[in-house]
Amino acid sequence: YRAKERGNTYRFFTPEMNREVTRRLHLEEGLRAAICASQLTLYFQPIHRNGDGIVGFEALVRWVHPGEGLVLPGDFITLAEETGIIVPLGAMVLLKACHMLSHLQRHGCSNLYLSVNISPRQFDDPFFESKVAEALEKYKVDPRGLKLEMTEGVFIRNPVDASLRINDLKTRFPGLTFMIDDFGTGFSSFSYLSKLPVDVIKIDQTFISGLDQEHNRKIVKGIINLVKSLDLDVVAEGVQNLEHVEYLEKHGCYQHQGYYYYKPMTADELLHVLWEQNHHDGEGVCSGWKGT
Ligand code: C2E
Ligand code: MG
Ligand code: MG
Ligand code: MG
């Protein structure tokens, strides 16, 4: 294998690079097939608020691989981004998420929200808006229950255009909200934050898991204060123990997502947890769910 590089220099692939290329091609092929064969499924991780219990949940994609079992997004989302597969994959995630949300809204859980991760490449797709619309309309979802999570990177490249597109969607679907995911890890300037049409900030889990260190405590406290002064909502992710809970609540962050409360779970498991939270209210939320 010979790879041509800029101008007239040549480089040779080492066997190692060769294996990597083969592995990627294999993974890419598998991922395309997975979309057609419905091997992608959603897990859901509840978001908890002290006093209210579960207030919402995040949809997290999983690949049910025929040979390898459950594959986590860390092993395929980057490749999906690089190859553009994220566009059909993300559309499928939106459809499945809206299906679940619609079920909840029709079974006594219309107060819960569902958040869905949107990758930069997916947001850049000119058909992004129409895919959001298609998913909401197909399942007749009340948009007030849907939140779209995006990382800071989406905004930094072209904040004006991103804001226009988000505002258009918000006008078209009143109540639809936007969230900045993994906040604090990008090159966030605090002045741009006040200008973006986002509603919720999710503090990155590295700061929460590092709360035993003084500098992380300062960062978390600072982010919460900033978010509050801008009248935005704040969620902490990666909440793993009672010390985390207490520190966050002391500084005014009450919505928590993390292993301390729940790990990501299947739709059936989530419905059961909700049924228990609603004190076994009739057949309730568990009835009539046939899965996606
Ligand atoms: P994220 O959006 O920041 O999601 C949170 C991740 O942290 C999830 O990993 C979740 O399982 C994990 N997590 C939550 N609480 C804890 C905790 O207390 N401790 C630890 N150690 N981990 C915790 P997951 O499901 O593996 O997803 C990883 C990333 O993959 C997500 O990070 C998101 O960036 C991406 N992703 C997942 N689903 C989708 C999707 O449908 N579309 C897109 N574009 N990206 C997705
Ligand atoms: Mg997320
Ligand atoms: Mg996150
Ligand atoms: Mg993260």
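Residues numbered from 1 in each chain as written. Chains lettered and ligands numbered in written order. Predicted model: local features only at pLDDT ≥ 70, side-chain atom pairs only at ≥ 80, totals over all residues. Heavy atoms only, no water.

By the naming in an unreviewed UniProt entry, the protein goes by GGDEF domain-containing protein and is assigned to Marispirochaeta aestuarii.

Peer 1: Would you explain the coordination of the magnesium ion (ligand 3) in this entry?
Peer 2: A metal bound by six donors in octahedral fashion has ideal angles of 90 or 180 degrees, whereas one bound by four tetrahedral donors has an ideal angle of 109.5 degrees. For the magnesium ion (ligand 3), the full set of protein donor atoms is Asp 181 (OD), Asp 182 (OD), Glu 237 (OE) and Glu 237 (OE), and the range of their distances to it is 2.0 to 2.8 Å. Binding-site remark: the magnesium ion (ligand 3) is held by donors from one chain whose sequence spacing is D-D-x54-E. Between the magnesium ion (ligand 3) and the magnesium ion (ligand 2), both coordinated by Asp 181, there is a metal-metal distance of 3.7 Å. Accessibility expressed as a relative area gives 23% for Asp 182, which makes it partly exposed. (Donors = N, O, S within 2.8 Å, 3.2 Å for Na, K, Ca; no water. Buried < 20%, exposed > 50% of the residue type's maximum accessible area, 1.4 Å probe, protein only.)

Peer 1: So what exactly am I meant to see when it comes to the pattern of salt bridges here?
Peer 2: Opposite charge on two side chains lets them pair, provided their charged atoms get close. Tallied over the entire structure, the rule returns 12 salt bridges. Put simply, Arg 165 and Glu 129 hold a salt bridge, and the shortest N to O gap is 2.7 Å. Of this pair, Arg 165 sits in helix H7 (residues 159–172) while Glu 129 sits in helix H5 (residues 128–138), and the two are 36 residues apart along the sequence. Assigned by exposure class, Arg 165 and Glu 129 land together as buried. For Lys 170, the salt bridge identified is with Asp 199, shortest N-O distance 3.0 Å. Residue Lys 170 is located in helix H7, and its partner Asp 199 is located in the loop between helix H8 (190–193) and strand S9 (200–203); the two are separated by 29 residues in the primary sequence. For Asp 199, a relative accessible area of 23% corresponds to the partly exposed category. (Salt bridge = Lys/Arg side-chain N within 4 Å of Asp/Glu carboxyl O. Helix = DSSP H or I, 4+ residues; strand = E, 2+ residues; numbered from the N terminus.)

Peer 1: Got a minute to help me understand the pairing of strand S4 (residues 53–65) in this structure?
Peer 2: Along a regular strand, successive side chains alternate from one face of the sheet to the other. Summarising burial for S4: 11 of the 13 residues are buried, a large majority. Bridging between strand S3 (residues 40–49) and S4 involves 10 bridges; their strand directions are antiparallel. Note that in S4 the partner of Thr 41 across the bridge is Arg 62. Between S3 and S4, which pair antiparallel and follow one another directly, the connecting turn spans three residues, one of which, Gly 51, has a positive phi of 100°. Sheet topology note: the S4/strand S6 (residues 113–117) ladder contains four bridges and is parallel. Of the residues in S6, the one forming a bridge with Phe 57 is Leu 114. Pairing analysis gives three bridges linking S4 to strand S5 (residues 69–71), with the strands arranged antiparallel. (Pairing = 2+ DSSP bridges.)

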